[in-house]
Amino acid sequence: MYSLILLLQVAGLGAQHAAPLPRQPVTCYEVFVRSFYDSNGDGIGDLRGLTQKLDYISGLGADCVWLMPVAESPSYHGYDVTDYYKIEPDYGTNDDFKAFVAAAHQHHIRVLVDLVLNHTSSEHPWFQEALRDTASPHRSWYRWSTTPGDNWHKSPVRDEYYFGLFWSGMPDLNYENPAVLDAMKRVARFWLDSMHVDGFRLDAVRHLVEVGNEVSNTPGTHQVLRDFGQYVRSIAPQSYTIGEVWDNTDVILTYYPDQLDAYFAFPISEALMEAVRTGKAGGLLPTVEQFARAEPPRRWAPFQRNHDQTRTMTALGNDRAGARLAATILLTLPGVPFVYYGEEIGMTGDKPDERLRTPMQWNGSSLLGLYRWLIRLRANDKAIREGELEPVDTGNEAVLGYLRKDGSSRVLVVVNLGKVPATFSLPGRFTLRSLLTPGRNRTALPRLEPRTAYIYDMTRRP
Ligand SMILES: [Ca+2]
Ligand SMILES: [Ca+2]
């Protein structure tokens, strides 16, 4: 497959990438442009600043970035869009964005942008027309009612209400009208064809279509995603779409097999943080196995934290050893891991949301070296990247153990989550070569120090 893509590129038939990229990312880095790097001293992170910091992202080893919304928006976060075809002026121009994508591709980094399908800004011209002119062609792009109710907001111009699930500044689009999905397909095509992005992170997708009072996971929502995902694959077969379905595993699994390419594995995030926080392996591996049994690993994305969640270091009460364990687990699990900017240097932050999205600290951190090591290890080790997961019974709830297996290759991950030393022995005779710290090969596991992780390449001895 890889060489086929290469041939197509040589023949001039491929995309405009500097080099062929595999269809799914290996490790993706989530960036809030406003908080990343300010190139012109106005105090606001911007696309030129982000472009200047591509060496940092590439040095981290990520081969993908997800940019939180970069389209024009009146809010600091950008999830309420006023123009889907224009870069937020605080961040730069459309040309700055294209220059960023070209530079990212030269760094072998694919670019996913956040696309908000569920709602627009209340300041979007579509909504303003619909609000003011009941005969407007955009009137039926939104939902209206003569009676109040949950999530229905009073119109500022007449005696009626409009539907907005998140708040009055974000009126929901009405996907019962096919023109809305057509409009969003044109938006997707614009970002793929004219801005040269490699795919989308799709916001709040479980809320697209309401049925009565049911605002989540309706059949209409699945149908819109099926149609949208199919459309994106048809015009950009090498693209990658990943959706935010913030729900339990059983619900997330209803969004396969034929909708978006992938979804964030929120339950893995929760179980991972819980295991490190409590010192007990708990439901982590069963949760991962539930995803692994259902779908191939390119189709689900584990992570520690995103821009809506308390940062790892804060959630762990500033336990630096715990942050190292969390990173080691995340980056040795199956799936497509996503890392939220600043996690790799142990940034802190708790709700309200603004405190989860504070400016990137460019100070360095001992944690950064570990992230760089693990992301590279993952990129270079097929068993860690793509191998099958097999839990190892350690007989101790404080000791998490699993194998990643690919062909004859075996990687063993053992994490002592607890606060006291532990031991366990492997059945059989093996040679263990550490993939974390150089040293002589071993024939047995060492004493497992408290709050310490071990990764070994494992070969069976006769
Ligand atoms: Ca700036
Ligand atoms: Ca909706």
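This is a predicted model, so every value here is computed, not measured. (Residues numbered from 1 in each chain as written. Chains lettered and ligands numbered in written order. Predicted model: local features only at pLDDT ≥ 70, side-chain atom pairs only at ≥ 80, totals over all residues.)

So, the packing of helix H6 (residues 178-194) against helix H7 (residues 219-235)
- Where H6 contacts H7, the axes come no closer than 11 Å and their chain directions differ by 30 degrees. Between H6 and H7, the angle falls in the class roughly parallel. Where H6 crosses over H7, the two elements pack in a sense that is right-handed. For the pair formed by H6 and H7, the contact residues are Leu181, Met184, Lys185, Ala188, Arg189 and Leu192 on the first element and Val224, Asp227, Phe228, Tyr231, Val232 and Ile235 on the second.
- Its residues placed into classes, the contact of H6 with H7 shows nine nonpolar, no polar and three charged. (Axes fitted to C-alpha atoms, helices over the stretch in contact; angles between N-to-C directions. Helix = DSSP H or I, 4+ residues; strand = E, 2+ residues; numbered from the N terminus. Parallel < 35°, antiparallel > 145°, perpendicular 65-115°, else oblique. Left-handed = near helix turned anticlockwise from the far one by under 90°. Contact = placed C-beta atoms within 7 Å. Nonpolar A, V, L, I, M, F, W, Y, C, P; charged D, E, K, R; others polar.)

Section: the pairing of strand E15 (residues 399-406)
- In the sheet, strand E14 (residues 388-391) pairs with E15 via four bridges, with the strands oriented antiparallel. By the bridge assignment, Glu388 is partnered in E15 with Lys405.
- Inspection of the sheet shows E15 paired to strand E16 (residues 409-416) by eight bridges, in the antiparallel sense. Bridge pairing links Leu400 to Val415 in E16. (Pairing = 2+ DSSP bridges.)

As for the domain arrangement of the protein chain
- Parsing the protein chain into structural domains produces domain 1 (2-117 + 178-387), domain 2 (119-172) and domain 3 (391-460).
- Put simply, the middle of domain 1 and the middle of domain 3, counted by C-alpha atoms, are 30 Å apart.
- With 21 residues of domain 1 at the contact, the number on the domain 3 side is 20 residues.
- When residues of the side of domain 1 that touches domain 3 are traced back to their parent elements, those giving at least two are helix H9 (266-278), helix H10 (284-294), helix H12 (320-330) and helix H14 (382-386). (Domains from an automatic or database assignment.)

Focus on the sheet that holds E15
- Ordered in space as E14-E15-E16-E18-E17, the five strands form an open sheet in which the pairing is antiparallel. Sheet topology places E14 and strand E17 (430-434) at the edges, where each strand pairs with a single neighbour. Averaged over all pairs of adjacent strands, the angle between their axes in this sheet comes to 30 degrees, without regard to strand direction.
- Strands E14 and E15 of the sheet are contacted by H10, whose axis makes an angle of about 150 degrees with E14.

So, the packing of H12 against helix H13 (residues 366-380)
- Relative to each other, H12 and H13 sit at 10 degrees, their axes nearing to 10 Å. When the axis of H12 is compared with that of H13, the two are roughly parallel. Residues Ala323, Arg324, Ala327 and Thr328 of H12 lie in contact with H13, whose contacting residues are Leu367, Leu370, Tyr371 and Leu374.
- When the residues that make up the contact of H12 with H13 are grouped by side-chain class, the tally is six nonpolar, one polar and one charged.

Digging into the environment of Asp133
- Tracing the backbone shows Asp133 in the loop between helix H5 (125-132) and strand E6 (144-145).
- C-alpha separation for the pair Asp133 and Val157, spaced 24 residues apart in sequence, amounts to 9.9 Å.

Let's talk about the nonpolar core
- Of all hydrophobic cores here, the largest spans 127 residues; its most connected members are Val33, Val65 and Leu272.
- In this view, Val65 contacts Cys28, Tyr29, Val31, Ile57, Ala104, Ile109, Val111 and Leu112; residues no more than four positions away in its chain are not counted. (Core = buried A, V, L, I, M, F, W, Y, C linked by C-beta atoms within 7 Å. Buried ≥ 20, exposed ≤ 12 C-beta atoms within 10 Å, placed from the backbone.)

A short note on the pairing of strand E1 (residues 28-31)
- Side chains Cys28 and Glu30 of E1 all project onto a buried face; the interleaved residues Tyr29 and Val31 project onto the opposite face, where all are buried too.
- As judged from the three bridges shared by E1 and strand E13 (residues 338-340), these two strands associate in the parallel manner. Residue pairing in the sheet places Tyr29 in a bridge with Val339 of E13.

Overview of the sheet that holds strand E5 (residues 110-115)
- The strand order across the open sheet formed by eight strands is E12-E11-E10-E9-E5-E2-E1-E13, and the pairing between neighbours is parallel. Edge positions in the sheet fall to strand E12 (300-301) and E13, since each of these pairs with one other strand and no more.
- Bridge analysis of strand E9 (residues 199-202) against strand E10 (residues 240-243) gives four bridges, and the strand direction is parallel. Note on E10: the bridge partner recorded for Phe200 is Thr241.

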